[in-house]
Number of protein chains: 2
Amino acid sequence: MKIRIAILGYGNLGRGIECAIRQNDDMELAAVFTRRDPAAVKVVSGAPVYSADQLLQKKEEIDVLMLCGGSATDLPKQTPEYARYFNVIDSFDTHANIPQHFAAVDQAAREGGKVAMISVGWDPGMFSLNRLYANAILRDGSDYTFWGRGVSQGHSDAIRRIPGVKDARQYTIPVEAALASVRACENPGLTTRQKHTRECFVVAEEGADKARIEKEIKTMPNYFADYDTTVHFITQEELQRDHAGIPHGGFVLRTGKTGVHGEHNHVIEYSLKLDSNPEFTACVLTAYARAAYRMNQEGMKGCKTVFDVAPAYLSAMSPEEMRAHLL
Amino acid sequence: MKIRIAILGYGNLGRGIECAIRQNDDMELAAVFTRRDPAAVKVVSGAPVYSADQLLQKKEEIDVLMLCGGSATDLPKQTPEYARYFNVIDSFDTHANIPQHFAAVDQAAREGGKVAMISVGWDPGMFSLNRLYANAILRDGSDYTFWGRGVSQGHSDAIRRIPGVKDARQYTIPVEAALASVRACENPGLTTRQKHTRECFVVAEEGADKARIEKEIKTMPNYFADYDTTVHFITQEELQRDHAGIPHGGFVLRTGKTGVHGEHNHVIEYSLKLDSNPEFTACVLTAYARAAYRMNQEGMKGCKTVFDVAPAYLSAMSPEEMRAHLL
């Protein structure tokens, strides 16, 4: 029998999960749930679409519920609410609020006897795992995380809120010289400006003052003021033609010393280069859905993060196949 | 109370573990066991040195026993033998024999109520983990592993067996063009020759026929014949000065496609650049010693690989600290 997955929220992440399920033979998409009018939501796979209000009625038909809402307002409410009734996965990424999110979800999942995986994706997620492994191995060392080259939705939105801006796309770019210095075990102390640059492609409204827009972007506190920022004005057609994708990625590095006198240097590096940020995130969530289902089948319950999941739970292979082909 | 680690076999790996323990506050080196005359073994830390015959007598003073022997003859015998009495870690790396090693160790560890971790290190080990994670995430894709630039002991030994060779050091080097093609998602089908080159530094005995030695190296089946091999003749002094280290490393990549029509490419890459292969391997073994001890304290037993270990067991941090600082 296949693992029956349901999706709550059919945006970029939900669509990505629908695609990912089609690449996993041991899973099926049971249903999509939406807060919009279900009749207005067209899904690629032909799975049934229901109103979010119907979720509890369909409880017996769902093994794992994928929560595809946002971290700001959706997930803090949804994950504890549904962890009582379903094995759930979310991609909660507001780092500062993870302890309180964990506590709320853990209580609900324990009471419901379910497994709830929070903060799954690539950062938090795969990047976190690599930070943990590298820290456990190289005890005397330094950590570095670089993001990009990729689209930051938050920074693109910030530009779009400036008067006179019709549309915008912002790329976060790691500074090559900083990466090179880390890889050379120079242990650089890096400022915000030394780690990343920001490149903005902006469509201005007709007659807008481009010099003012550029200045407003470059001096915007938190978002751009601490970075070397480049602004390009382009047409809406150019934006659609050249910047329609949602690529992202990044690098997690740890450098460290070993030996009787710390005489040997080591570099551990993990990197991602992703054409589609939401589709890759969806693939990670889907692998953890398999783990959540299996762990719950074994009697586990409560809130889990990627740190709590033995890697074998993620793979559809048998333990014997894994040892033969991957070890 | 600290985790009491014992080392069996005080070669490069054993010495590396001794160094690694000094970087982990929650561990102590209880003793070193050797098959040589204990009086002849000088350890850096001042820990007691005993004969391997005394291991069972010291059973109550040891939480985890690190088996530092070789995969060819030592570990197939030692790991099942000691897994009955100790939580053990080994770095068994003969891929083809892992199933049978696993079975023998699993039986002994279950009967003894102990946890036995086999095939720990970086390949098998961290590279295996990265193959598993990447395969679970990107279902439609291709795997690539490259090794080097690093010293291959087996290939260095093979050269030293040629008549007229006094000493030798062999480096395995990944081919940059092949790496670039993989990273560009070109899914290349790569022959042995296209993936790695081999570079040999050879000290010839006085009067030896260098042309014959070079030819014997380059045509040696399995070891060199399938590779583009370069041979440099150098002096013993140059070998000691420039090639005394044991660096290694490599790259694990998986590329894959997602999307409704597989229209998006993704690259997951993990790499290591190690000044000291045995010291890094020792650090990995030491982290898994912590995991073995904790898992056994929780009542687990039997043979485990890196696939079976939830990452949180590896870190000395509390779950709350991990979520706050690494997630």
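Along each chain, residues carry numbers from 1 onward, in the same order as the chain's sequence is written. Whichever chain is written first becomes A and whichever ligand is written first becomes 1, with later ones labelled in order. At least 70 in pLDDT is required for a residue's local features to be given in this predicted model, at least 80 for side-chain atom pairs to be given and counted, and no such filter applies to totals for whole chains, interfaces and linings, which use all residues. Hydrogens and water molecules were not included; the side-chain quantities draw on all heavy atoms of the structure.

Caption draft 1: Molecular detail of the overall build of chain A. In terms of helices and strands, chain A carries 11 helices and 14 strands. The C-alpha radius of gyration of chain A comes to 22 Å, within 12% of the 20 Å expected for a compact globule of 327 residues. What makes two residues a contact is simply this: any of their non-hydrogen atoms within 4.5 Å. Restricting to contacts in chain A with at least 6 residues of sequence separation, those with at least 24 account for 68%. Under the convention used here, a 1.4 Å probe and the Shrake-Rupley method define accessible areas, while residue burial counts only the protein chains that appear. Put simply, chain A shows about 13500 Å² of open surface, and 47% of that area lies on carbon and sulfur atoms. Of note, chain A has its 37 positive side-chain charges centred 2 Å away from the centre of its 41 negative side-chain charges. Each helix corresponds to a stretch of at least 4 residues labelled H or I by DSSP, and each strand to a stretch of at least 2 residues labelled E; elements are numbered beginning at the N terminus. Only C-alpha atoms enter the radius of gyration, while the globule expectation follows 2.2 Å times N to the 0.38, with N the number of residues. The charge count includes Lys and Arg as positive and Asp and Glu as negative, but it does not include His or the ends of the chains. A charged residue contributes its charge at one atom only: NZ of Lys, CZ of Arg, CG of Asp or CD of Glu.

Caption draft 2: Structural context of the side chain of Arg169(B). Residue and element names in this part refer to chain B. Note that Arg169 resides in strand S9 (residues 165–174). For every residue, the accessible area (1.4 Å probe, protein chains only) is compared with the maximum for its type, and the residue is labelled buried under 20%, exposed over 50%, or partly exposed between those bounds. One speaks of a salt bridge when a side-chain nitrogen belonging to Lys or Arg is within 4 Å of a carboxyl oxygen belonging to Asp or Glu. The side chain of Arg169 sits in the buried core without any salt bridge; Asp167 is the nearest counter-charge, 5.8 Å away. As used in this structure description, the phrase polar contact means that two N or O atoms lie within 3.5 Å; if the pair is within protein, one of them must be able to donate a hydrogen and the other to accept it, and residues adjacent in sequence are counted only when both atoms belong to side chains. A distance of 3.0 Å separates a polar atom in the side chain of Arg169 from the backbone oxygen of His243. In contact with Arg169, not counting residues within four places along its chain, are Val151, Ser156, Glu199, Cys200, Phe201, Leu239, His243, Ala244 and Gly245.

Caption draft 3: The sheet that holds strand S11 (residues 228–233) of chain A, seen in detail. All names here are of chain A. Strand pairing follows a simple DSSP-based rule, namely that at least 2 bridges must link the two strands. A sheet is described by the order of its strands in space; here 4 strands give the open sequence S8-S9-S10-S11, paired in mixed fashion. The outermost strands of the open sheet, each flanked by one partner alone, are strand S8 (150–151) and S11. Note that strand S10 (residues 196–204) and S11 share 6 bridges and pair parallel. By the bridge assignment for S11, Phe201 is matched with His232. Packing against the sheet, helix H5 (residues 153–160) makes contact with S8, strand S9 (165–174) and S10, and its axis sits at approximately 145° to S9. As a rule, the C-alpha atoms of each element are fitted with a line to give its axis, helices using only the stretch in contact, and angles between N-to-C directions run from 0 to 180 degrees.

Caption draft 4: Summary view of the interface of chain A and chain B. The interface of chain A with chain B comprises 63 residues on the first partner and 63 residues on the second. Here chain A packs against chain B, burying approximately 5700 Å² in sum over the two surfaces, 64% of which is carbon and sulfur. The tally of links between chain A and chain B comes to 0 salt bridges. Connecting chain A to chain B are 31 residue pairs in polar contact (both at pLDDT 80 or more). Simply put, the buried area is the total loss of 1.4 Å probe accessible area from both parts when two parts are fitted together.

Caption draft 5: Inspection of the relation of the copies chain A and chain B at higher detail. Superposing the copies works by least squares over the C-alpha atoms of residues that have pLDDT at least 70 in both of them. Once turned by 180° and shifted 0.0 Å along the axis, chain A lies on chain B with an RMSD of 0.0 Å. In the structure described here, the two chain copies are related by an operation that fits a two-fold rotation axis. Taking C-alpha positions as reference, the residue of chain A nearest the rotation axis is Ala310(A), located at 1.9 Å.

Caption draft 6: How the structure looks around the confidence of the model for chain A. Each residue carries a pLDDT value, the predictor's own confidence for that position, ranging from 0 to 100. Scored by pLDDT, chain A comes out at a mean of 97, with 100% of its residues at no less than 70. Our summary of model confidence lists the complex with pTM equal to 0.97 and ipTM equal to 0.97.

Caption draft 7: Here's a closer look at the packing of helix H4 (residues 126–137) of chain A against helix H10 (residues 277–297) of chain B. Interhelical geometry of H4(A) versus H10(B) gives an angle of 105° and a closest axis separation of 8 Å. In terms of orientation, H4(A) lies roughly perpendicular with respect to H10(B). Within the contact between the two elements, H4(A) uses Tyr133(A), Ala136(A) and Ile137(A) and H10(B) uses Phe280(B), Cys283(B), Val284(B), Ala287(B) and Tyr288(B). When describing relative orientation, an angle under 35 degrees is termed roughly parallel and one over 145 degrees roughly antiparallel, while 65 to 115 degrees is termed roughly perpendicular and anything else oblique.

Caption draft 8: Spatial organisation of empty space enclosed by the protein. Here a cavity denotes grid points, spaced 1 Å and computed from the protein atoms alone, that fit a 1.4 Å probe unable to get out, and a pocket denotes an open set having protein on both sides within 12 Å along at least 5 of 7 lines; residues with an atom within 4 Å of a point are the lining. Grid points are joined across faces, edges and corners, and a volume is the space filled by probe spheres set on the points. Tallied over the entire structure, the rule returns 5 cavities of 30 Å³ or more. Estimated volume of the largest cavity: approximately 40 Å³. Lining the largest cavity are Met126(A), Leu129(A), Asn130(A), Tyr133(A), Tyr270(A), Met126(B), Leu129(B), Asn130(B) and Tyr133(B). Contributing elements (two or more residues each) for the lining of the largest cavity: H4 of chain A together with helix H4 (126–137) of chain B. Ten residue types, Ala, Val, Leu, Ile, Met, Phe, Trp, Tyr, Cys and Pro, are classed as nonpolar, four, Asp, Glu, Lys and Arg, as charged, and the remainder, Gly among them, as polar. Here the residues of the lining of the largest cavity sort into 7 nonpolar, 2 polar and no charged.

Caption draft 9: Geometry of the state of the cysteines. Disulfides are defined in this document as cysteine sulfur pairs within 2.5 Å. Going through the model one piece at a time under the given rule, you end up with 0 disulfides over all chains. You can see Cys303(A) has no disulfide; the closest cysteine sulfur is in Cys68(A), sitting 17 Å from it. Of all cysteine sulfurs, the one in Cys19(B) lies closest to Cys283(B), which takes part in no disulfide; the gap is 8.6 Å. We classify Cys283(B) as buried; its relative accessible area is 3%.

Caption draft 10: Spotlight on the environment of Ser91(A). Residue and element names in this part refer to chain A. Locating Ser91 in the fold gives a position in the loop between strand S5 (87–89) and helix H3 (98–112). For Ser91 and Leu67, which are 24 residues apart along the polypeptide, the C-alpha to C-alpha distance reads 7.7 Å. Each residue touching Ser91, except ones within four places of it in the same chain, is listed here: Leu13, Leu67, Ser71, Leu75, Ser119, Val120 and Leu285.

Caption draft 11: Layout of H3(A). Here a helix's expected span is defined as the number of its residues, less one, multiplied by 1.5 Å. The end-to-end C-alpha distance of H3(A) is 21 Å, a good match for the 21 Å that 15 residues give at a rise of 1.5 Å each. Lining the buried residues of H3(A) we find helix H2 (74–83), strand S6 (115–117) and strand S14 (302–304) of chain A together with helix H11 (319–325) of chain B. Immediately downstream of H3(A), the backbone of Gly113(A) shows phi near 70°, a positive value.

Caption draft 12: Quick peek at the packing of aromatic side chains. Residues and elements named next belong to chain A. The pairing test for Phe, Tyr and Trp rings, Trp by its six-membered ring, is centres within 6.5 Å, and the orientation test on the planes gives stacked under 30 degrees, edge-to-face over 60, and tilted for anything in between. Using the criterion set out here, one finds 11 aromatic pairs over all chains in the structure. An aromatic cluster is defined as three or more aromatic residues linked by ring pairs; in this entry it consists of Trp122, Phe127 and Tyr270. Criterion for a charge above a ring: Lys NZ or Arg CZ within 6 Å of the ring centre, and within 35 degrees of the ring normal. Seen from the ring of Tyr171, Arg149 lies directly overhead, with NZ or CZ sitting 4.1 Å from the centre.

Caption draft 13: Quick peek at unusual backbone geometry. Put simply, Asp123(B) and Pro124(B) share a cis peptide bond, and its omega is 5°. Within the fold, Pro124(B) resides in the loop between strand S6 (115–117) and H4. Of the consecutive residues Gly148(B) and Arg149(B), the connecting peptide bond is found in the cis state with omega at -5°. By secondary structure assignment, the location of Arg149(B) is in the loop between strand S7 (141–147) and strand S8 (150–151). Phi angles above zero are rare outside glycine, and Asn187(A) is one such case at about 45°. Within the secondary structure, Asn187(A) sits in the loop between helix H6 (176–183) and helix H7 (192–195). You can call Asn187(A) partly exposed: its relative accessible area is 36%. Of note in this structure, Asn222(B) is not a glycine but carries a positive phi near 65°. Considering the arrangement of structural elements, one finds Asn222(B) in the loop between helix H8 (210–218) and strand S11 (228–233).

Caption draft 14: Looking closely at the layout of surface pockets. Residues and elements named next belong to chain B. Computed from the structure, the second largest pocket encloses a volume of approximately 1300 Å³. As for the second largest pocket, its lining consists of 41 residues, and the residues nearest its centre are Ser91, Asp93, Asp123, Gln153 and Asn277. A class-by-class count of the residues in the lining of the second largest pocket yields 13 nonpolar, 22 polar and 6 charged.

Caption draft 15: Representation of helix H1 (residues 12–22) of chain B in the model. In terms of burial, H1(B) is a largely internal element, 8 of the 11 residues being buried. Packed against the buried residues of H1(B) are strand S1 (3–8), strand S2 (27–34), strand S4 (64–67) and H10 of chain B.

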